[in-house]
Structure formats: C-alpha cells, structure tokens
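Descriptive analysis of the structure
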Amino acid sequence: QQFVCVLVFLIAGMYVSIYASGVSVYLASAFMALAAATILMLMVYVNYEVEPAVLKQVAADSTFAQNMVKAFKSDWVRAVGVGSANVLIPFFLALDMLRQKTRRLTKRTDKEGRFTEFGRTFLDNVESWNWN
C-alpha cells in the first residue's frame, strides 16, 4: 500500500512538472527526470526484494493486474503499439538481422537463421496476433 501511495505521488509530481513547465522549463524537466528515476528505482527495488512467486500470486489475486493483462493482450492496444512504433519495427528487425550476422561471423553462435533468438521470439509473437 505504501508503494502504491509513493507511485501515485510521483506520477502526480510528473503532472505538476508538466503544469509548471510554463514557468520554468529547466525546473520542470529536472523534476520529471527525478520522478522517472525514482519510479525506476522503486521497480528495481521491488524486483530484488520480493520473491517472483509472491509477485505472481499478488498479480493473480489482483483484479487490477488481471485487467491490465487483458488490456495489454487486447487487439486495440496492440494496434496502437504497432501504429506508434511503425517506423521502429523494421529498423529493429534490420538491426537484429545485422546482430545475428555479426554473431555468426565472429563464431559467437552456432544457430542458423536470419534473426537472433529474441528477434525470432518477437516475430513469432507478432505473427500469432489477429491481423484481420
């Protein structure tokens, strides 16, 4: 509960920094960076301090977490994600192909294929989506 309160406070601080950006851009950007860094540190802290099994159990019991999972698996959210990253996806795939080619040339991998394991997993995941 304290974690949620701190998270809400930091997000509210981010909102205030956007509101105050008309007064001082430097102050607003510094506060935004501080809030984002603090949120990142909270996430890292929770990841190291709480056992993964406990996190999974809490997420399974939480209706909010279940709704978030449903939202992220929604076709609409996927469409917005593809629409917002449409230029970056081919760039990512080209870099992944280059990384795989470099790994094969330097003999750091013995796997065949055009993409690394991560790139292949990404493509397999995207291919399973409903594109109709």
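Computed from a prediction, not measured in an experiment: that's the story for all the values here. (Residues numbered from 1 in each chain as written. Predicted model: local features only at pLDDT ≥ 70, side-chain atom pairs only at ≥ 80, totals over all residues. Heavy atoms only, no water.)

1. Structural notes on the layout of surface pockets
In plain terms, the rule: Points on a 1 Å grid over protein atoms alone make up a cavity when a 1.4 Å probe fits among them but cannot get out, and a pocket when they form an open set with protein on both sides within 12 Å along at least five of seven lines; lining residues each have an atom within 4 Å of a point. Grid points are joined across faces, edges and corners, and a volume is the space filled by probe spheres set on the points. Under the DSSP-based scheme used, a helix requires at least four consecutive residues in state H or I and a strand at least two consecutive residues in state E, with every element numbered from the N terminus. Polarity classes work like this: nonpolar for Ala, Val, Leu, Ile, Met, Phe, Trp, Tyr, Cys and Pro, charged for Asp, Glu, Lys and Arg, and polar for all others, with Gly in that last group.
Considered as a void within the structure, the largest pocket measures approximately 490 Å³ in volume. Looking at the largest pocket, it is lined by 13 residues, and the ones nearest its centre are Phe3, Leu55, Val58, Phe64 and Ala65. Of all the secondary structure elements, the ones that give two or more residues to the lining of the largest pocket are α1 (2-19), α2 (25-49), α3 (52-61) and α4 (63-72). The greatest single-element share of the lining of the largest pocket, amounting to four residues, is contributed by α3. Across the lining of the largest pocket, the residue classes tally to 12 nonpolar, one polar and no charged.

2. What about the packing of aromatic side chains?
Here is the rule we go by: Side-chain rings of Phe, Tyr and Trp, where Trp is taken by its six-membered ring, are said to pair if the distance between their centres is within 6.5 Å; with planes under 30 degrees apart they count as stacked, over 60 as edge-to-face, and otherwise as tilted. For every residue, the accessible area (1.4 Å probe, protein chains only) is compared with the maximum for its type, and the residue is labelled buried under 20%, exposed over 50%, or partly exposed between those bounds.
Per the stated rule, a full pass over the model turns up three aromatic pairs. Ring centres of Phe92 and Phe118 lie 6.0 Å apart, and the angle between their planes is 90°; this geometry places the pair in the edge-to-face category. One end of the pair, Phe92, is in helix α6 (residues 88-105); the other, Phe118, is in helix α7 (residues 117-127), with 26 residues separating them in the sequence. With relative accessibility at 55%, the residue Phe118 sits in the exposed group. Overall, the relative accessible area of 22% leaves Phe92 in the partly exposed class.

3. Looking at the pattern of salt bridges
Where charged atoms from two side chains of opposite charge come close, those side chains can pair. Definition in use: One speaks of a salt bridge when a side-chain nitrogen belonging to Lys or Arg is within 4 Å of a carboxyl oxygen belonging to Asp or Glu.
As enumerated under the stated definition, the model contains four salt bridges in all. In this structure, Arg99 and Asp96 form a salt bridge, with 3.8 Å as the shortest nitrogen-oxygen distance. Of this pair, Arg99 and Asp96 both sit in helix α6, three residues apart, which is roughly one turn of the helix. For the salt bridge of Asp124 with Arg120, the shortest nitrogen-to-oxygen distance reads 3.2 Å. Of this pair, Asp124 and Arg120 both sit in helix α7, four residues apart, which is roughly one turn of the helix. Residue Asp124 is classed as partly exposed on the basis of its relative accessible area of 40%. According to the relative accessible area criterion, Arg120 is partly exposed, its value standing at 34%.

4. What about the packing of α6 against α7?
Put simply, the test is: Only C-alpha atoms enter the line fits that serve as axes; for helices the fit covers just the stretch in contact. Angles between N-to-C directions range over 0 to 180 degrees. Left-handed is the label given to a crossing in which the near helix is rotated counterclockwise from the far helix by less than a right angle, and right-handed is the label when the rotation is clockwise. Note on definitions: a residue-residue contact is assigned when non-hydrogen atoms from the two residues lie within 4.5 Å.
Their axes nearest at 9 Å, the elements α6 and α7 cross at an angle of 145°. Crossing geometry of α6 relative to α7 is assigned as left-handed. Taking contact as the criterion, the partners of Ile89, Phe92, Leu93 and Asp96 in α6 are, on α7, Phe118, Gly119, Phe122 and Leu123. Among the residues making up the contact of α6 with α7, the classes are represented as six nonpolar, one polar and one charged.

5. Quick notes on a nonpolar patch on the surface
Test applied: Patches in this entry comprise residues that are over 30% relatively accessible and not in a salt bridge; like charges within 9 Å are linked, as are nonpolar side chains (Val, Leu, Ile, Met, Phe, Trp, Tyr) within 5 Å. Computed with a 1.4 Å probe, the accessible areas rest on the Shrake-Rupley method; for each residue, only the protein chains presented here act as cover.
A cluster of nonpolar side chains, contributed by Phe64, Met68, Phe72 and Val77, occupies part of the molecular surface with about 410 Å² of accessible area. With three residues, α4 is the single largest residue contributor to the nonpolar patch. Within the secondary structure layout, Phe64 lies in helix α4.

6. A word on α7
Quick reminder of the rule: In this description, one arc is meant: the one made by directions from the helix axis to the C-beta atoms.
When we look at burial in α7, the residues that qualify are Gly119, Leu123 and Val126. One side of α7 carries all its buried residues, which in axial view fall inside an arc of 65°. The exposed residues of α7 that point more than 90 degrees off its buried face are Glu117, Phe118 and Thr121. The inward-facing, buried residues of α7 contact α6.

That's the geometry; what it means functionally is another story.
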